[in-house]
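Each chain, written out:
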Amino acid sequence: MSIYKILYSTRSNPYSTRHTFATWAIASGITPDKVALWIGDEVATVLKHYCHPNVVEADCPDF
């Protein structure tokens, strides 16, 4: 089985990896602005999509 079939036969995709990385980075104490720089996105997008209050209490604004 090719690596492509292994990677894409599961429910994971490149976005899942990005989402997990960003969420875990914020949960580890990395600031949202640094995470935004690393993943090439805007801070507002990082705060909206990757900063989960149930996972992270610090650095997450109260929406």
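Treat the numbers as computed from the prediction; the structure is a model and nothing was measured.

## Considerations on the environment of alanine 36
Next, step 1: If you trace the backbone, alanine 36 turns up in helix α3 (residues 32–39).
Next, step 2: Once the C-alpha coordinates of alanine 36 and valine 46 are considered, the two residues, 10 residues apart in sequence, prove to be 6.1 Å apart.
Next, step 3: The contact partners of alanine 36, leaving out residues within four places of it in the chain, are Asp41, Glu42, Val43 and Val46.

## Quick notes on the confidence of the model for the chain
Next, step 1: In the predicted model, the chain carries a mean pLDDT of 76, and 60% of its residues have values of at least 70.
Next, step 2: The spread of mean pLDDT over the elements of the chain runs between helix α1 (residues 3–9), the lowest at 61, and α3, the highest at 94.

## What to know about α3
Next, step 1: All buried positions along α3 are accounted for by Pro32, Val35, Ala36 and Ile39. Taken end-on, α3 shows its buried residues confined to a sector of 100°, consistent with a single buried face.
Next, step 2: Positive phi shows up at glycine 40, right after α3, with a value of about 70°.

## Regarding the nonpolar core
Next, step 1: If you look at the biggest cluster of nonpolar residues, it comprises 10 residues: Ala22, Ala25, Ile26, Val35, Ala36, Ile39, Val46, Leu47, Tyr50 and Cys51.
Next, step 2: Elements represented by at least two residues in this core include exactly α2 (14–27), α3 and α4 (43–49).
Next, step 3: Setting aside its immediate chain neighbours within four residues, isoleucine 39 contacts Arg18, Phe21, Ala22, Val46 and Tyr50.

## Focus: the environment of cysteine 51
Next, step 1: By secondary structure assignment, the location of cysteine 51 is in the segment after α4.
Next, step 2: Sequence-wise, cysteine 51 and alanine 22 are 29 residues apart; in three dimensions their C-alpha atoms are separated by 8.2 Å.

## Comments concerning the side chain of threonine 23
Next, step 1: You can see threonine 23 is positioned in helix α2.
Next, step 2: A polar contact of 2.8 Å, which involves the side chain of threonine 23, links it to the backbone oxygen of histidine 19.

## Observations regarding a nonpolar patch on the surface
Next, step 1: A cluster of nonpolar residues, Phe21, Leu37 and Trp38, forms a patch on the protein surface that exposes about 370 Å² of accessible area.
Next, step 2: Inspection of the secondary structure assignment puts phenylalanine 21 in helix α2.
Next, step 3: When its relative accessible area of 41% is taken as the criterion, phenylalanine 21 is described as partly exposed.

Cut-offs and rules
- Residues numbered from 1 in each chain as written.
- Predicted model: local features only at pLDDT ≥ 70, side-chain atom pairs only at ≥ 80, totals over all residues.
- Heavy atoms only, no water.
- Helix = DSSP H or I, 4+ residues; strand = E, 2+ residues; numbered from the N terminus.
- Contact = heavy atoms within 4.5 Å.
- pLDDT = per-residue confidence, 0-100.
- Buried < 20%, exposed > 50% of the residue type's maximum accessible area, 1.4 Å probe, protein only.
- Arc of directions from axis to C-beta.
- Core = buried A, V, L, I, M, F, W, Y, C linked by side-chain atoms within 4.5 Å.
- Polar contact = N/O pair within 3.5 Å; in protein donor to acceptor, adjacent residues only side chain to side chain.
- Patch = residues over 30% accessible without salt bridge, like charges linked within 9 Å, V, L, I, M, F, W, Y side chains within 5 Å.
- Areas by Shrake-Rupley, 256 points an atom, 1.4 Å probe, with all protein chains shown as cover.
- Salt bridge = Lys/Arg side-chain N within 4 Å of Asp/Glu carboxyl O.

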